[in-house]
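Below are the chains, spelled out letter by letter.
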Amino acid sequence: MPEMKSQQKQTARWYPASCHCKNVTFKAQTDLSGAFTCNCSFCVRRATTLLKLDPEGFELQSDKNKLSAYGNSGFSRHYFCNNCGIQCFTEITRQGAEAVIVNAACLEGIDFYSLKPSLFDGKNKL
Ligand SMILES: [Zn+2]
């Protein structure tokens, strides 16, 4: 077997994704294996399953002015559709931890409820 950078790279593919009204569209590169939920004060309220992407594994396709942002700009910014209110993705802006966390429920062509998310203890670790 040839050496792989990581197992995730081996089977990751690009998924089209959108908010409910399709004002916001993006693409996410993932193998779905890292699905997680988080119990921090924000995530516990939105209660969805998340996927963490490298910044280069995320591509916003719609206009940024269709989004509103919430959160601490030095840590993370949560992005919502201005029209339907779906929270689509979060940019982790904390230096050294840059990533994009996407709402897995926005991905098209996946069986959302077959994901087996692990729990990230954001309540105590963030
Ligand atoms: Zn929308």
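Just so you know, these numbers come straight off a predicted model, no measurement behind them.

Description of unusual backbone geometry
- For Leu32, which is not glycine, the phi torsion reads 70 degrees and is therefore positive.
- By the C-beta count within 10 Å, which is 21 here, Leu32 ends up buried.
- Even without a glycine there, the phi angle at Ala47 is positive, about 50 degrees.
- With respect to the helices and strands, Ala47 occurs in the loop between α2 (43-46) and β4 (50-53).

Things to note about the nonpolar core
- Phe26, Ala28, Leu51, Phe58, Cys88, Phe89 and Val102 are the most contacted members of the largest nonpolar core, which has 22 residues in total.
- The set of elements that each furnish at least two residues to this core consists of β2 (25-30), β4, β7 (76-81), β8 (87-92) and β9 (99-103).
- Considering every element that reaches this core, the biggest residue donor is β4, with three residues.
- When neighbours within four sequence positions are excluded, Cys88 is seen to be in contact with Cys19, Val24, Phe26, Tyr79, Cys81, Asn103 and Cys106.

A word on the pairing of strand β6 (residues 67-70)
- Bridging between β6 and β7 involves four bridges; their strand directions are antiparallel. In the sheet register, Ala69 faces β7, and the bridge partner there is Tyr79.
- From the end of β6 to the start of β7, which pair antiparallel, there are five residues, and Gly71 there has a positive phi angle of about 125 degrees.

Quick notes on the sheet that holds β2
- Across the sheet, which stays open at both edges, the three strands sit in the order β1-β2-β5 with antiparallel pairing between neighbours. Each of the sheet's edge strands pairs with one partner strand only, and the pair in question is β1 (13-18) and β5 (58-60). Mean inter-strand twist for the sheet, computed between neighbouring axes without regard to direction, equals 20 degrees.
- By the bridge criterion, six bridges tie β1 to β2 in an arrangement that is antiparallel. Among the inter-strand pairings, Arg13 is bridged to a residue of β2, identified as Thr30.

Side note on the confidence of the model for the protein
- Mean pLDDT over the protein: 91, with 92% of residues reaching 70 or higher.
- Per-element confidence in the protein is highest for β2, whose mean pLDDT is 98, and lowest for helix α1 (residues 7-11), whose mean pLDDT is 55.

Points about the environment of Thr48
- Tracing the chain through its elements places Thr48 in the loop between α2 and β4.
- Taking the C-beta count within 10 Å as the criterion, Thr48 has 16 such neighbours and is therefore assigned partly exposed.

A word on the environment of Tyr113
- Within the secondary structure, Tyr113 is located in the loop between β9 and β10 (118-120).
- Look at Tyr113 and you get exposed, because 8 C-beta atoms sit within 10 Å.
- On a C-alpha basis, the gap between Tyr113 and Thr49 in space is 9.3 Å, while along the polypeptide they are 64 residues apart.

About the criteria used
- Residues numbered from 1 in each chain as written.
- Predicted model: local features only at pLDDT ≥ 70, side-chain atom pairs only at ≥ 80, totals over all residues.
- Buried ≥ 20, exposed ≤ 12 C-beta atoms within 10 Å, placed from the backbone.
- Helix = DSSP H or I, 4+ residues; strand = E, 2+ residues; numbered from the N terminus.
- Core = buried A, V, L, I, M, F, W, Y, C linked by C-beta atoms within 7 Å.
- Contact = placed C-beta atoms within 7 Å.
- Pairing = 2+ DSSP bridges.
- Axes fitted to C-alpha atoms, helices over the stretch in contact; angles between N-to-C directions.
- pLDDT = per-residue confidence, 0-100.

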